[in-house]
Amino acid sequence: MSKVKPYKDSKLGKKEQVTKMFDTISEDYDGLNRVISFGIDVSWRKKVVALVGEKKPESILDIATGTGDLAIQLAETKATKIVGLDISSGMLNVGKQKITKKGLDQTIEMVLGDSENMPFEDNTFDAITVAFGIRNFETLNKGLAEIYRVLKPNGIFVILETSVPTKTPFKQGYNFYTKYVLPKIGRLFSKDKNAYKYLSESASVFPYGEKLNNILRKIGFINVTDLPQTLGVATIYTASK
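Residues numbered from 1 in each chain as written. Predicted model: local features only at pLDDT ≥ 70, side-chain atom pairs only at ≥ 80, totals over all residues. Heavy atoms only, no water.

> Any details on the packing of aromatic side chains? Residues and values, ideally.
Any aromatic ring pair is given by two values, namely how distant the centres are and how the planes are angled relative to each other. Applying the stated criterion across every chain yields a total of five aromatic pairs. On the basis of an interplanar angle of 55° and a centroid distance of 6.1 Å, the ring pair of Trp44 and Phe132 is categorised as tilted. Note that Trp44 is positioned in helix 3 (residues 40-53) and Phe132 in the loop between strand 4 (125-131) and helix 6 (140-150), a separation of 88 residues in sequence. Each member of the pair, Trp44 as well as Phe132, carries the same accessibility label: buried. Arranged with centres 5.1 Å apart and planes meeting at 90°, the rings of Phe120 and Phe125 form a pair that is edge-to-face. Assessed through its relative accessible area of 16%, Phe120 is described here as buried. For Phe125, a relative accessible area of 0% gives the class buried. When the ring centre of Tyr148 is taken as origin, the NZ or CZ atom of Lys241, which lies over that ring, is 4.8 Å away. (Phe/Tyr/Trp six-rings, centres within 6.5 Å; stacked < 30°, edge-to-face > 60°. Helix = DSSP H or I, 4+ residues; strand = E, 2+ residues; numbered from the N terminus. Buried < 20%, exposed > 50% of the residue type's maximum accessible area, 1.4 Å probe, protein only. Lys NZ or Arg CZ within 6 Å of the ring centre and 35° of its normal.)

If you want it as structure tokens, here you go:
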């Protein structure tokens, strides 16, 4: 998989670049995401919450939690412990404010950490989620292996990630929007002109559908399924251990 990075002229590794990028755009991130996705990302997260909720988990880990949107929605599952993990302190700070406003400080803990080297024991969580985050992993297989390690046997792992429509004319429309429109919106409203160009480029090269299913199986996950959303512009993946 091509290692697309936010700052092509930087000597920093992908992980450090992604951290810098999200720290920079953290204050703009939520509002801009609603605009870019036309608000549809909210309904996708609701489906993730429903899938996790069916398993009645007591403990949930939300990786690449960002500003905590999904972690907050996961409180609907009645889990007693939800941990949001992210490498960007800027994004976590925004998330902590939202959690406090919702009165969820006793349920949700925001942790600064690396998804490829997590500070948790083996077999810790009943459920693990990651929304629009795995394409930012520096080493995909390493990150997925860490997720497998900290997931309990019979636990559920749910991914929500961008994908590319395969049918005409949706594929052409999607390519035009992500290549030309999305980066322009990002430049207009974001402090970082590279951020939304990177986000669209990283989505275009990331493995999706059966390719990602096979990667998950090679890591050791079982019961792997993919559920395309909204004509294929995003996909929900479920797997277990």
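Further notes follow.
> How would you explain the pairing of strand 6 (residues 222-229) if you had to name every residue and give the values?
As defined by bridge partners, strand 6 adjoins strand 7 (residues 234-240) across six bridges and the pair is classed as antiparallel. Of the residues in strand 7, the one forming a bridge with Leu227 is Ile236. The turn joining strand 6 and strand 7, which pair antiparallel and follow one another in sequence, is formed by four residues; a positive phi near 50° is taken by Thr230. (Pairing = 2+ DSSP bridges.)

> Lay out the packing of helix 6 against helix 9 (residues 210-219) in plain terms, naming residues and giving numbers.
Between two packed helices, the angle of one axis relative to the other and the distance separating the axes together describe the packing. Two elements in contact, helix 6 and helix 9, have axes separated by 10 Å at closest approach and are oriented at 55°. Between helix 6 and helix 9, the angle is such that the two are oblique. Crossing angle aside, the handedness with which helix 6 passes helix 9 is right-handed. For the pair helix 6 and helix 9, the contacting residues are Leu140, Asn141, Leu144, Ala145 and Tyr148 in the first and Leu212, Ile215, Leu216 and Ile219 in the second. (Axes fitted to C-alpha atoms, helices over the stretch in contact; angles between N-to-C directions. Parallel < 35°, antiparallel > 145°, perpendicular 65-115°, else oblique. Left-handed = near helix turned anticlockwise from the far one by under 90°. Contact = heavy atoms within 4.5 Å.)

> Explain the sheet that holds strand 1 (residues 59-63) residue by residue, including any values.
Note on sheets: strands pair through backbone hydrogen bonds, and any given pair is parallel or antiparallel. A sheet is described by the order of its strands in space; here seven strands give the open sequence 3-2-1-4-5-7-6, paired in mixed fashion. Two strands close off the open sheet at either side, each with one partner strand: strand 3 (108-112) and strand 6. Strand-to-strand twist in this sheet, taken as the mean axis angle between neighbours without regard to direction, amounts to 15°. Both strand 4 and strand 5 (residues 151-162) contribute to a ladder of six bridges, which runs parallel. Opposite Ala127, over in strand 5, you have Ile156 as the bridge partner. Against the sheet, helix 6 engages strand 1, strand 4 and strand 5, with an angle of about 145° to strand 5. Along the sheet, helix 9 makes contact with strand 5, strand 6 and strand 7, crossing strand 6 at roughly 160°.

> Describe empty space enclosed by the protein, naming the residues involved and giving the relevant values.
Inspection of every chain in the model, using the stated rule, returns two cavities of 30 Å³ or more. Roughly 390 Å³ of volume is contained in the largest cavity. Those elements that place two or more of their residues in the lining of the largest cavity are helix 1 (14-25), helix 2 (29-36), strand 1, helix 4 (69-74) and strand 2 (81-86). Per-element tally for the lining of the largest cavity: the top contributor is helix 2, with four residues. (1 Å grid on protein atoms, 1.4 Å probe; cavity = no way out; pocket = protein on both sides within 12 Å on 5 of 7 lines; lining within 4 Å. Points joined across faces, edges and corners; volume = space filled by probe spheres on them.)

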